[in-house]
Amino acid sequence: MTRKKVKLAFISNDSARKATFKKRKKGLMKKVSELSTLCGIESCAIVYSPYEAQPDVWPDQRGAARVVAQFKRMPEMEQSKKMVNQESFIRSRIAKAADQLKKLRKENREKEVTHLMYHCLTGKGLHGLGLHDLNDVAWMLDHNLKEIYKRIEAVGKDHAPPEERTQQQQLFAEWMGNPGGDQIGGDEMIVPFSDGSSQGAPLWSNAFFS
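Residues numbered from 1 in each chain as written. Predicted model: local features only at pLDDT ≥ 70, side-chain atom pairs only at ≥ 80, totals over all residues. Heavy atoms only, no water.

As recorded by an unreviewed UniProt entry, the protein chain carries the name Agamous-like MADS-box protein AGL80 and is attributed to Salvia divinorum. Taken from UniProt, the Subcellular location (unreviewed entry) comment for the protein chain reads in full: "Nucleus". (UniProt positions renumbered as here; feature names shortened; annotations may be inferred.)

Counting secondary structure elements, the protein chain contains six helices and two strands. If you list the helices and strands of the protein chain from N to C, you get α-β-β-α-α-α-α-α. A buried classification covers 21% of the 210 residues belonging to the protein chain. Summarising the internal contacts of the protein chain: among those between residues at least 6 apart in sequence, 48% fall at separations of at least 24. Only carbon and sulfur atoms are counted for the fraction: they give 56% of the accessible area of the protein chain, which is about 17,200 Å². (Helix = DSSP H or I, 4+ residues; strand = E, 2+ residues; numbered from the N terminus. Buried < 20%, exposed > 50% of the residue type's maximum accessible area, 1.4 Å probe, protein only. Contact = heavy atoms within 4.5 Å. Areas by Shrake-Rupley, 256 points an atom, 1.4 Å probe, with all protein chains shown as cover.)

Right, let's get into a nonpolar patch on the surface. A cluster of nonpolar side chains, namely V84, F89, I90 and I94, defines an oily patch on the protein surface of about 390 Å² accessible area. With respect to the helices, strands and loops of the structure, V84 is situated in the loop between α3 (76-81) and α4 (86-124). The class for V84 is exposed, based on a relative accessible area of 57%. (Patch = residues over 30% accessible without salt bridge, like charges linked within 9 Å, V, L, I, M, F, W, Y side chains within 5 Å. Salt bridge = Lys/Arg side-chain N within 4 Å of Asp/Glu carboxyl O.)

In this section: the layout of surface pockets. Estimated volume of the largest pocket: approximately 880 Å³. Considering the residues around the largest pocket, the lining is formed by 19 residues, among which V6, K7, L8, T20 and R24 are closest to the centre. Where the lining of the largest pocket is concerned, the elements lending two or more residues are α1 (14-39) and α4. When the residues that make up the lining of the largest pocket are grouped by side-chain class, the tally is nine nonpolar, two polar and eight charged. Put simply, the second largest pocket is a space of about 280 Å³. (1 Å grid on protein atoms, 1.4 Å probe; cavity = no way out; pocket = protein on both sides within 12 Å on 5 of 7 lines; lining within 4 Å. Points joined across faces, edges and corners; volume = space filled by probe spheres on them. Nonpolar A, V, L, I, M, F, W, Y, C, P; charged D, E, K, R; others polar.)

Mapped onto the elements of the fold, S36 is located in helix α1. S36 gets classed as buried once you look at its relative accessible area, which sits at 18%. Leaving out residues up to four positions away in the same chain, S36 has contacts with I41, S43 and W58.

Turning our attention to the packing of aromatic side chains. The geometry of an aromatic ring pair is captured by two quantities: the separation of the ring centres and the angle between the planes. For the coordinates displayed, the defined rule picks out one aromatic pair. When the ring of F21 is compared with that of Y51, the centres are 5.4 Å apart and the planes differ by 45°; the resulting orientation is tilted. Residue F21 is found in helix α1, and its partner Y51 is found in the loop between β1 (45-47) and β2 (56-58); the two are separated by 30 residues along the sequence. Here Y51 falls in the partly exposed class, since its relative accessible area comes to 31%. (Phe/Tyr/Trp six-rings, centres within 6.5 Å; stacked < 30°, edge-to-face > 60°.)

A separate point is the packing of α4 against helix α5 (residues 131-156). Their axes nearest at 9 Å, the elements α4 and α5 cross at an angle of 80°. If you check the angle between α4 and α5, you find them roughly perpendicular. Judged by residue contacts, R109, E110, V113, T114, L116, M117 and L121 of α4 engage H132, D133, D136, V137, M140, L141 and N144 from α5. Among the residues forming the contact of α4 with α5, the class breakdown is seven nonpolar, three polar and four charged. (Axes fitted to C-alpha atoms, helices over the stretch in contact; angles between N-to-C directions. Parallel < 35°, antiparallel > 145°, perpendicular 65-115°, else oblique.)

See below:
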């Protein structure tokens, strides 16, 4: 049975907060002791609380004073180099969560657009899609066609005669540029493709895939 995730928020109930403090303090002291023993480092822990007149110190006052004195002898820049307070820790957690959310949104959008692309390629048309979806589907098609062409070129460059390779490249360039018209794929496919010139910039955006 998995442990229930603890909500990181101030405990308003006095007795519950005091019990949690004692339990967490004991665990903290144990972790500091294990870190020092396992890694052979000097460490200390000093915990003040409203429940006791004197602070709790590990390993003892003399050991803690030695570690603190060693820390104070360091240059000021070195002291703050890896220092973390609650605010900076929370900010870093928020930034990390935001990056994870952005990554998940990108992955979900890629899957959604890929599904739309296959849906269109089966001949079911583009009816009901908004401009945003059309733009992303067009970008996905363009991206995959370029990857296919690269793969074909890599596989066939040593086998096909030079004139045949030139003809294949011309046909593909005409398909991608579509110089003969503004549409590709019949009446159902209405997304315009760019000819690569500065005046014919692609309509679609790759904001989700860059």
